[in-house]
Amino acid sequence: MSARSSTRGAPTTSRPPASWTQSPPLAWRPRWCRPWKSPDTVLRPVPVSHLPEGSLARRSAAPPGRSGTSDRTTCAGDVITGQTSTTRVAQLDGGLPLLLTPTDARHTAGIALSLGFGSRDDPAGMSGAAHLLGRLIMAVPLEGGPSLGERVEQFGGTWGAVTGAESLTVHARVPADDAPVVAGWMLDALTRPALSDEALGRERRNVTREPVAAEADPAAPLPDAQAAFLAAVFPGHPLGAAVDGTPGGAGRIALGPLLQMHQRALATVPLALACDGNVREAALRSRMSPLAMARAGGVRPRRSPHAPAGRPGPPDPVWPDGPCQLLAGAPAPTATDPRRDAFVLLGHVLGAGPASQMHRRLGTEHGLAPVFRAWARAYSDAGVWCFLAGTDGADGPAVVRTLRAELARLARHGPAPADLDAAVRQARTEVLRTAENGYATVVASHHCVTGTVWSPEAERARLARVTAADVAGAAAAVAEGLRVVVRPDGRARDE
């Protein structure tokens, strides 16, 4: 449902030793494993009957074409804040996709390396392993010297690691002249991290402390609430796994199985390297280790659709005494389904801003939930629409009734023109913010999951074509499949 990120970076004036910028020694040979397949379950698609004839499913432009295997031929044109940029897909030696978005006016460059392996791919008994691996890649020593994160900071840059349901992405923003060196380090760190028991123990402790920090953020789902909600929306499906794993799961992961998981993933799932800014392709290629490129190359099949899973409904929530957090939502379209844009707009129509109907109902009229928000997430073979609210247990049933009433009203009549216009503007601006703050990160992750080039302008154009009838169809689908989870659960009080 949400991605777990770790971000750091503070500008410094010192520079790393010259030896750091040299190509690493080629002292090992890659080991390849048998292809690994994810579990064979998936959700049923969103019912088409809820979408009217001639709606978004027919009128929207098709998703961007797949990148293909030829080098330097696939482009996607974008216009971001008045500046035209084009993402071009090339290939490094060995076949690793290289996605370049030149923006000559910028003095910094963004670099992101994504592996198509996320929380849904955690092996049995290793809940949270992908998230733990992402932290380790940035933190362990690189070629016997400082870690990737330390080196980026020595260049005056910022860095982070984001683990989602279907991808693990390390990213950095540095001065443009330093981008090729940092990209080379990223590939080395991902393909041959110096994992050790000491580093694993340190990061396991950090991961187990993350739920405490999450509980301090009222706008974020509580870890146990998120896990229960995902299990309710995605029963029997790998997307039902929380990104940071089950409570205590990461603390039980041993080094040997983690190394095996990393090698298996590196040999079988898609990868993508993306750069935005004034970065020369020749300079990037010159900084890549040949063996690292070989280990990251080869033919990487994407996820194939699986048979639908059963969807038993969860029991009705038992409301606790005192403050609680509720999550309500339903399955939504996939990342390549054009109907997903209507679900994105539904999240804004029922969002926390003063322009939304839910804000008027919950906040202004009834004062039921001072903190709430709504959003949609799309994955390769499923999606989810979610509503999160912090409230009192005594007010919880009224919050759910209000949500159901708003969904029913939207399903019958659709949003008012002013509400739809505000939602479209908010969603289109959100796309721009994403492009400005993490272009390379989104491009790399999107290519790993879908095999297509992410285009902000294509996203904005699709959002502008969504009609009130499309949003009504999305509301009807969510109303029909709505699941509600509350934490803390009042059952604990009654037992």
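Right, let's walk through the structure included here.

Rules of the game
- Residues numbered from 1 in each chain as written.
- Predicted model: local features only at pLDDT ≥ 70, side-chain atom pairs only at ≥ 80, totals over all residues.
- Heavy atoms only, no water.
- Helix = DSSP H or I, 4+ residues; strand = E, 2+ residues; numbered from the N terminus.
- Buried < 20%, exposed > 50% of the residue type's maximum accessible area, 1.4 Å probe, protein only.
- Contact = heavy atoms within 4.5 Å.
- Axes fitted to C-alpha atoms, helices over the stretch in contact; angles between N-to-C directions.
- Parallel < 35°, antiparallel > 145°, perpendicular 65-115°, else oblique.
- Left-handed = near helix turned anticlockwise from the far one by under 90°.
- Nonpolar A, V, L, I, M, F, W, Y, C, P; charged D, E, K, R; others polar.
- Pairing = 2+ DSSP bridges.
- Phe/Tyr/Trp six-rings, centres within 6.5 Å; stacked < 30°, edge-to-face > 60°.
- Lys NZ or Arg CZ within 6 Å of the ring centre and 35° of its normal.

## Quick word on the overall build of the chain
Counting its secondary structure elements, the chain contains 16 helices and 14 strands. The buried share of the chain, taken over its 495 residues, is 55%. Pairs at least 24 residues apart make up 81% of the contacts formed inside the chain by residues separated by at least 6 positions.

## Quick notes on the packing of helix α10 (residues 340–349) against helix α13 (residues 417–450)
Here α10 crosses α13 at 110 degrees, and the two axes come no closer than 9 Å. Classified by the angle their axes make, α10 and α13 are roughly perpendicular. In terms of crossing hand, the pair formed by α10 and α13 is right-handed. In this structure, α10 contributes Val344, Leu345, His348 and Val349 to the contact, and α13 contributes Asp419, Leu420, Ala423, Val424, Gln426, Ala427 and Glu430. Partitioning the contact of α10 with α13 into residue classes produces seven nonpolar, two polar and two charged.

## Describing the pairing of strand β12 (residues 371–378)
Here β12 runs beside strand β13 (residues 383–392); their pairing, made up of eight bridges, is antiparallel. Residue pairing in the sheet places Ala378 in a bridge with Gly383 of β13.

## So, the environment of Leu403
Of note, Leu403 is situated in helix α12 (residues 396–413). Given the relative accessible area of 1%, Leu403 is considered buried.

## A word on the pairing of strand β8 (residues 158–163)
Along any regular strand, the residues point their side chains to alternate faces of the sheet. In this sheet, strand β9 (residues 168–175) lies alongside β8 in antiparallel orientation, the contact comprising six bridges. Looking at β9, one finds that Trp159 is bridged to Ala172. A loop of four residues connects β8 with β9, the two strands running antiparallel in sequence.

## A word on the packing of aromatic side chains
Under the definition given, this model contains three aromatic pairs. Relative to Trp185, the ring of Phe155 lies with its centre 5.3 Å away and its plane at 15 degrees, an arrangement referred to as stacked. Here Phe155, found in the loop between α3 (148–154) and β8, pairs with Trp185, found in helix α4 (residues 179–191); they are 30 residues apart in sequence, far enough to count as distant. Here Phe155 and Trp185 have matching classes, each one buried. When the centroid spacing of 5.7 Å and the interplanar angle of 70 degrees are considered together, the rings of Tyr439 and Trp454 count as edge-to-face. In this pair, Tyr439 sits in helix α13 while Trp454 sits in the loop between α13 and α14 (456–464), placing the two residues 15 residues apart along the sequence. A residue is classified by how much of its surface remains accessible, and Trp454, at 6% relative accessible area, is buried. The ring of Trp185 carries Arg151 above its face, with NZ or CZ at 5.3 Å from the centroid. Its guanidinium or amino end placed over the ring of Trp375, Arg373 lies 4.1 Å from that ring's centre, counting from NZ or CZ.

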